[in-house]
Amino acid sequence: MILDIIKRNSVFTLSLILTFVVVQLMLFTGILNDYYMSAIVLICINVILGVSLNLVVGFTGQFSLGHAGFMSVGAYVCAIINMQMDSTAGFLLGIFAGAVIAALVGVLIGIPTLRLRGDYLAIATLGTAEIIRILFLNLDITNGAVGLNGIPQYTNWPWLFIFTALTIICIRNFINSSHGRTCISIREDEIAAESMGINTTKYKVMAFAIGAFFAGIAGGLYASYFYFLKPDIFGFMKSIDILVIVVLGGLGSISGSIIAGIFLAIVTTYLQQFAAVRMIIYSLVLIIVMIFRPQGLMGNKEFSMKFFKSFGKKENSWLARKRNAKIKS
Amino acid sequence: MKNVWKIALAASLSAALFLTGCGGGGGSDEGSSGSADGDTIKIGVNYELSGATATYGSSSVEGIDLAIKQINEAGGVLGKQIELVEGDNKSEPAEATSLSTKLMTNDGVVAVLGPATTGNFKATIPVADKNQIPVISGSATADDVTVDLDDDGNPTEVKEFAFKICFSDSFQGITMANFASSNLGATKAVIIMDNSSDYAIGLAKNFRSTFESLGGEIVGEEAYIAGNTDFSGILTKIRSMDFDVIFLPGYYSEAGLIIKQARDLGITAPVLGADGFDSPTLLELAGASALNDVYYSNHYSSLDEDPAVIQFIEDFNAEYGKDPDAFNALGYDTAKFLCDAIERAGEADPIAIKDALASTESFAGVTGTFSIDENHNPVKSVVVIKLTDGEPSESIKI
Amino acid sequence: MDQLLQQLLNGLSLGSIYALIALGYTMVYGIIKLINFAHGDIYMLGAYIGFAAITFAHLSFIPALLISMAACAVLGMVIEKIAYKPLRHASRIAVLITAIGVSFFLEYTTMFFVGATPRAFPQVLGSQFFNIGNVVISMQQIYIIVVTVILMFMLQFIVHKTKTGKAMRAVSIDQDAAQLMGIKVDSTISFTFAIGSALAGAAGILVGIYYNTINPLMGMTPGIKAFVAAVFGGIGNIPGAMVGGVSIGMIETLVAGYGSSMYKDAVVYLILILVLLIKPSGLLGKNTREKV
């Protein structure tokens with residue numbers, strides 16, 4: 001059975017194995033030094049965050065601006081557990097516990113707020129992420145604004161690879177499952193989906209919780225690589241950074257999020273040396289890419305247009321049809 | 001759909017390969033060119049040039065640039081010119097880590113200056129240990145920056161490659177508590193602290209414990225977040241309390257506003273602060289009439305008329321057209337301090353520099369003359385400056 | 001009692017500032033449904049333009065205010081033309097990312113030229129105080145509240161009594177139908193950006209005078225807060241922005257004054273979420289039935 005699955009996804013499996021082996025070899029031979037390693041860490045974390053948020057924003061059509069909140073939950077839980085249990089087992093337990101708690105928080109937040117739509121949902125999720133951050137800023141166990149220092153470093157390439165691949169495979173399979181199809185139907189037309197007898201709240205919360213789960217994993221990996229955590233890291237700018245990955249890659253395109261995650265990590269890392277003009281260049285890259293590729297780098301036109309339709313509720317239907325026709329021609 | 005998926009994966013894979021391929025080539029080239037072999041000595045500069053704490057980072061870098069310019073004009077160090085490799089860490093610990101890794105492994109620097117804030121600086125120390133290259137901060141003030149502390153705050157293990165040249169939080173907090181109690185005779189104090197800054201939290205903690213042990217009482221504690229501009233809520237609340245002094249740990253950008261708004265609301269009690277007040281901006285923000293009965297601890301006083309300090313203020317003015325603040329001065333000193341150590345080490349080798357830094361005796365900087373103790377902290381004297389109508393009117397040696 | 005009155009006054013002046021920024025937000029949102037993240041940065045530039053006008057051209061308050069509003073209006077139109085107009089038919093979330101890009105661009109270009117250190121704003125209004133019992137009112141507070149109310153009424157007038165205002169309302173309801181009726185959609189949107197940005201410019205200069213400090217990143221937090229205020233009151237609704245702004249200012253000040261200032265933002269967001277759950281289109285927003 002497993003062989004069957006591998007056969008069906010041969011290109012996918014092969015490229016995964018190849019990526020792992022090549023990077024591992026390069027690390028082993030020292031071609032990739034620590035600096036490139038830290039770029040790889042950023043890439044993997046970006047990819048996990050981007051793909052998981054894409055499930056919520058791109059596939060389920062729920063505009064969330066609070067992903068950094070879930071990431072912070074995963075990061076703090078993992079760091080606190082790992083600091084108590086300084087071992088690989090502690091690291092894995094921390095990542096797992098962090099992800100589960102992040103998912104629970106996702107459910108808790110999702111049930112009330114996911115009744116809202118569009119920009120109202122965006123501002124509500126932004127608000128909840130800020131509330132989480134303020135809580136971390138005032139709790140004793142997170143050491144407030146001073147932050148947690150001396151978190152043991154267990155994140156390495158094999159773990160990064162396993163968790164990144166796991167995220168991609170899980171979310172890809174989820175989308176291709178009947179649950180995932182349901183989520184897409186909610187994005188396409190929530191009212192139609194509801195009238196087909198779909199419990200939309202249930203599926204929206206499910207997508208939200210899965211997204212939060214993987215954001216928690218990303219947070220755990222982050223905490224365990226960069227030694228240090230403080231609440232400021234997870235401000236709303238971080239949520240926006242993640243949203244940028246998703247939109248830049250293309251809403252509803254996992255491959256797009258992967259490419260955008262890699263692209264943005266390289267751009268940010270590369271721009272470090274242009275201290276004074278760094279953010280100016282970054283902002284120009286954002287504006288130019290969006291003007292020339294509003295559907296994102298990998299944007300699946302059909303996908304982003306349909307999302308647009310469900311997102312901009314006020315659009316009347318003949319207009320959407322007209323635009324669809326224009327895009328298709 | 002299936003095809004798109006495959007193409008995407010292939011593309012991302014090739015992108016990954018491209019990155020790593022390029023990276024590999026670049027890394028081995030630059031990595032092999034040893035730092036000490038060239039005609040220049042490379043020093044890394046890892047500061048907050050964008051993001052929330054950009055103002056502290058960019059001020060520090062101004063000081064560093066000036067110091068290195070002067071050193072290079074005077075012939076450099078060990079007959080070689082100093083080359084600064086500057087980078088921006090976006091005020092984020094992760095960026096600080098990756099930037100210092102880049103500076104140490106790709107650019108071949110012999111030491112790294114910065115970051116300015118405690119959290120970001122701490123994030124770079126494991127990298128320094130791993131690469132055996134010293135890092136120096138001019139303004140990471142927490143007690144446990146350069147040395148691990150046990151639960152009672154006693155030093156346990158020194159961090160071999162980390163140095164700082166600023167006061168520790170405990171030192172200034174205790175100083176100001178003593179000053180409040182013995183010089184001002186205060187028995188009741190209110191603390192307003194910047195709760196987003198570990199510097200302010202550290203100062204407040206030490207002030208509180210010392211002030212209470214001297215028989216004083218903290219009657220109110222309020223907090224704000226860096227970047228706030230409206231403090232009328234907490235100040236109105238404080239106005240109805242009974243207290244002798246306000247202790248205001250934090251930086252000039254908010255302290256100036258708090259003092260102004262407090263005076264506007266009719267709060268006249270003395271305001272106490274620490275070296276975070278030291279900036280011309282404090283006067284601009286608060287206005288001269290509000291800055292009466294304001295005291296803060298500092299490394300040096302402009303009333304001292306130390307020729308080195310006067311010279312520095314003049315040079316800084318000539319270069320940037322403004323008066324230096326504490327971050328400018330500390331940045332200037334970190335650069336001078338490092339170059340002095342390289343000179344004494346006799347070679348631009350990170351380990352030798354680290355040893356020279358650790359054995360610094362009586363280094364005369366513009367922020368005071370100091371030696372480095374066994375915990376890699378500076379031993380320097382502190383003065384309390386009294387402001388009257390916005391100008392320093394008295395400097396009190398403690 | 002004095003304390004409560006003082007706190008309410010503090011809240012009112014803080015709230016007026018939020019309201020002033022929220023007015024511009026709400027107008028732009030009303031017409032093209034864009035969360036204009038760059039709005040907070042236009043407010044920042046308004047403050048810097050006012051700073052330059054007062055410091056270098058030695059102008060007094062009113063001319064500086066007008067110059068800053070005019071410059072911001074032009075800037076708003078230019079931004080709309082360059083960054084948002086090409087995306088008129090793209091997904092809204094793509095425009096949002098562009099707006100974020102524009103926001104970064106304005107922040108860091110300004111930082112590049114003027115540095116990151118905060119600057120003190122020249123005190124052109126003097127610093128007079130009026131004591132009523134134990135309550136202190138400053139001249140600047142009066143200015144802020146008065147200017148905000150005047151601008152709100154002017155805005156109401158423009159939107160509801162003029163031809164351009166009618167065009168704005170038409171475009172906000174249905175762009176294509178408006179176009180078919182002969183309304184110039186592009187220039188109407190341009191005009192909306194001009195007005196919204198001019199309001200942000202006014203807010204910038206008033207905040208500069210009131211708090212006496214400006215810096216290149218000053219637009220970030222108030223920008224988000226103003227958006228929250230706009231949503232709170234019912235986004236797209238002018239009196240709603242006013243009500244939302246003042247409510248948020250009051251909540252913040254009261255939480256800081258009677259609870260813990262550390263939790264003031266958390267309380268604001270919590271109340272926002274509760275309001276949205278009970279009344280999903282904000283306090284004064286109209287509940288629109290969803291059409292299939």
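Per-chain numbering applies: the sequence of each chain, read as written, is numbered from 1 onward. Each chain takes a letter, starting from A, and each ligand takes a number, starting from 1, following the order in which they are written. Local features in a predicted model are, by the rule used here, given only for residues with pLDDT of at least 70; side-chain atom pairs are given and counted only at 80 or more, and totals for whole chains, interfaces and linings are based on all residues.

S.K.: Lay out the overall build of chain C in plain terms, naming residues and giving numbers.
M.R.: Runs of H or I in DSSP of at least four residues are treated as helices and runs of E of at least two as strands, each being numbered from the N terminus. The helix and strand tally for chain C stands at 11 helices and four strands. For a compact globule the rule gives 2.2 Å times the number of residues to the power 0.38, and the radius of gyration it is set against comes from C-alpha atoms. Taken over the C-alpha trace, chain C has a radius of gyration of 19 Å; the compact-globule value for 292 residues is 19 Å, and the two agree within 12%. Dimensions of chain C, computed from C-alpha atoms along their principal axes, come out at roughly 60 × 50 × 35 Å. Taken across its 292 residues, chain C has 61% of its residues classed as buried. For chain C, the proportion of contacts with a sequence separation of at least 24, taken over those separated by at least 6, is 76%. To sort residues by burial, count the other C-beta atoms lying within 10 Å of each one's C-beta; a count of 20 or more means buried, 12 or fewer means exposed, and anything in between means partly exposed. C-beta atoms are built from the backbone. Here, residues touch in the contact sense if the C-beta positions derived from the backbone fall within 7 Å of one another.

S.K.: So, the overall build of chain B: which residues are in play, and what are the values?
M.R.: Along its length, chain B carries 12 helices and 17 strands. On C-alpha atoms alone, chain B measures out to a radius of gyration of 23 Å, which is about the 21 Å that the 2.2 N^0.38 rule sets for 398 residues. Projecting the C-alpha coordinates of chain B onto the three principal axes gives extents of approximately 70 × 65 × 45 Å. Counting the 398 residues in chain B, one finds 60% classified as buried. Pairs at least 24 apart in sequence give 73% of the contacts found in chain B among residues at least 6 apart.

S.K.: Go over the sheet that holds strand 7 (residues 162–164) of chain B, please, and point to the residues and values.
M.R.: Residue and element names in this part refer to chain B. Note on pairing: DSSP must find at least two bridges between two strands before they are called paired. A sheet is described by the order of its strands in space; here five strands give the open sequence 2-1-3-4-7, paired in parallel fashion. Edge positions in the sheet fall to strand 2 (81–88) and strand 7, since each of these pairs with one other strand and no more. Going from strand to strand, the sheet's axes swing by 25° on average, the running direction of each strand aside. Of the pairings in the sheet, the one linking strand 1 (residues 40–47) to strand 3 (residues 111–113) comprises three bridges and is parallel in character. Its bridge partner being in strand 3, Gly44 is matched across the sheet by Val112. For helices, the fitted line uses only the C-alpha atoms of the stretch in contact; every axis is such a line through C-alpha atoms, and the angle between N-to-C directions lies from 0 to 180 degrees.

S.K.: Explain helix 12 (residues 350–358) of chain B residue by residue, including any values.
M.R.: Residue and element names in this part refer to chain B. Residues of helix 12 that are buried: Pro350, Ile353, Lys354, Ala356 and Leu357. The arc enclosing the buried residues of helix 12, seen along the axis, measures out at 165°, which places them on a common side. Of the surrounding elements, those touching the buried residues of helix 12 are strand 3, strand 7, helix 11 (326–345) and strand 14 (368–372). Note that the arc is defined by the directions from the helix axis to the C-beta atoms.

S.K.: Before we move on, can you summarise the packing of helix 7 (residues 157–176) of chain A against helix 10 (residues 200–226) of chain A with the specific residues and values?
M.R.: Residues and elements named next belong to chain A. At their nearest, the axes of helix 7 and helix 10 sit 11 Å apart, and the two run at 170° to each other. Of the possible angle classes, the one that applies to helix 7 and helix 10 is roughly antiparallel. Packed against helix 7, whose contacting residues are Leu160, Phe163, Thr167 and Phe174, the element helix 10 presents Ile210, Phe214, Ile217 and Leu221 at the interface. Angles below 35 degrees are treated as roughly parallel, those above 145 as roughly antiparallel, those between 65 and 115 as roughly perpendicular, and all remaining angles as oblique.

S.K.: Run through the packing of helix 11 (residues 236–249) of chain A against helix 12 (residues 254–271) of chain A, naming residues and quoting values.
M.R.: Residue and element names in this part refer to chain A. Interhelical geometry of helix 11 versus helix 12 gives an angle of 125° and a closest axis separation of 7 Å. Put simply, helix 11 runs oblique to helix 12. The hand of the helix 11/helix 12 crossing is right-handed. Touching Val244, Ile245, Val246, Leu248 and Gly249 of helix 11 are Gly256, Ser257, Ile259, Ala260, Gly261 and Leu264, all from helix 12. Residue polarity is assigned by list, with Asp, Glu, Lys and Arg as charged and Ala, Val, Leu, Ile, Met, Phe, Trp, Tyr, Cys and Pro as nonpolar; anything else, Gly included, falls into the polar class. Here the residues of the contact of helix 11 with helix 12 sort into seven nonpolar, four polar and no charged. The crossing is said to be left-handed when, going from far helix to near helix, the turn is anticlockwise and less than a right angle, and right-handed when the turn is clockwise.

S.K.: I'd like a description of the pairing of strand 2 of chain B, backed by residues and values.
M.R.: Residue and element names in this part refer to chain B. Relative to strand 2, strand 1 runs parallel, the two being bridged by eight bridges. Opposite Ile41, over in strand 2, you have Ile82 as the bridge partner. Note on handedness: a clockwise path from strand one over the helix to strand two, with the strands aimed away from the viewer, defines a right-handed crossover. Handedness of the crossover joining strand 1 and strand 2 through helix 2 (residues 54–73): right-handed.

S.K.: So what about the sheet that holds strand 14 of chain B? Which residues, and what values?
M.R.: Residues and elements named next belong to chain B. One open sheet holds the three strands; their spatial order is 13-14-15, and the pairing between them is antiparallel. Only two strands of the sheet have a single partner each, and these edge strands are strand 13 (363–365) and strand 15 (378–379). The pairing of strand 14 with strand 15 spans two bridges and is antiparallel. Bridge pairing links Ser371 to Val379 in strand 15.

S.K.: Describe the interface of chain C and chain B, and please don't skip the residues or the numbers.
M.R.: Across the boundary between the two partners, chain C contributes 25 residues, which contact 27 residues of chain B. For the side of chain C that touches chain B, the elements supplying multiple residues, two or more each, are helix 1 (2–32), helix 4 (92–114), strand 3 (135–138) and helix 10 (238–258) of chain C. A per-element tally of the side of chain C that touches chain B places helix 1 of chain C first, with five residues. Per-class residue counts for the side of chain C that touches chain B are 11 nonpolar, 13 polar and one charged.

S.K.: Break down the environment of Ile351 of chain B for me, with residues and values.
M.R.: Assignment of secondary structure puts Ile351 of chain B in helix 12. Residues Ile351 of chain B and Pro134 of chain B lie 217 residues apart in sequence; the distance between their C-alpha atoms is 7.7 Å.

S.K.: For the domain arrangement of chain B, give the residues involved together with the corresponding values.
M.R.: Residues and elements named next belong to chain B. By convention here, the domain bounds are inherited from an automatic or database domain assignment. Domains assigned within chain B are domain 1 (40–167 + 307–379) and domain 2 (169–298). Relative placement of domain 1 and domain 2: their C-alpha centres are 28 Å apart. Between domain 1 and domain 2, the residue contacts involve 12 residues of the former and 15 residues of the latter. Of the residues in the side of domain 1 that touches domain 2, the class split is four nonpolar, four polar and four charged.

S.K.: An account of unusual backbone geometry is needed here, citing residue identities and associated values.
M.R.: All names here are of chain B. A cis geometry characterises the amide bond from Gly114 onward to Pro115, with omega recorded as -5°. Counting through the fold element by element, Pro115 comes out in the loop between strand 3 and helix 4 (118–131). Located in the positive-phi region is His376, a residue other than glycine, with phi close to 65°. Counting through the fold element by element, His376 comes out in the loop between strand 14 and strand 15. Of the residues examined, His376 has 23 C-beta atoms within 10 Å and is grouped as buried.

S.K.: Kindly report on the pairing of strand 14 of chain B, identifying the contributing residues and their values.
M.R.: Residues and elements named next belong to chain B. Taking every second residue as pointing to the same face, the buried face of strand 14 carries Gly368, Phe370 and Ile372, while none of Thr369 and Ser371 on the other face is buried. As consecutive antiparallel partners, strand 13 and strand 14 are separated by two residues. Counting the residues that bridge the hairpin from strand 14 to strand 15 gives five residues, and of these His376 lies at a positive phi of roughly 65°.

S.K.: Can you tell me about the environment of Pro112 of chain A, naming the residues and giving the values?
M.R.: With respect to the helices, strands and loops of the structure, Pro112 of chain A is situated in helix 5 (residues 88–113). Separated by 93 residues in the primary sequence, Pro112 of chain A and Val205 of chain A place their C-alpha atoms 9.5 Å from one another.

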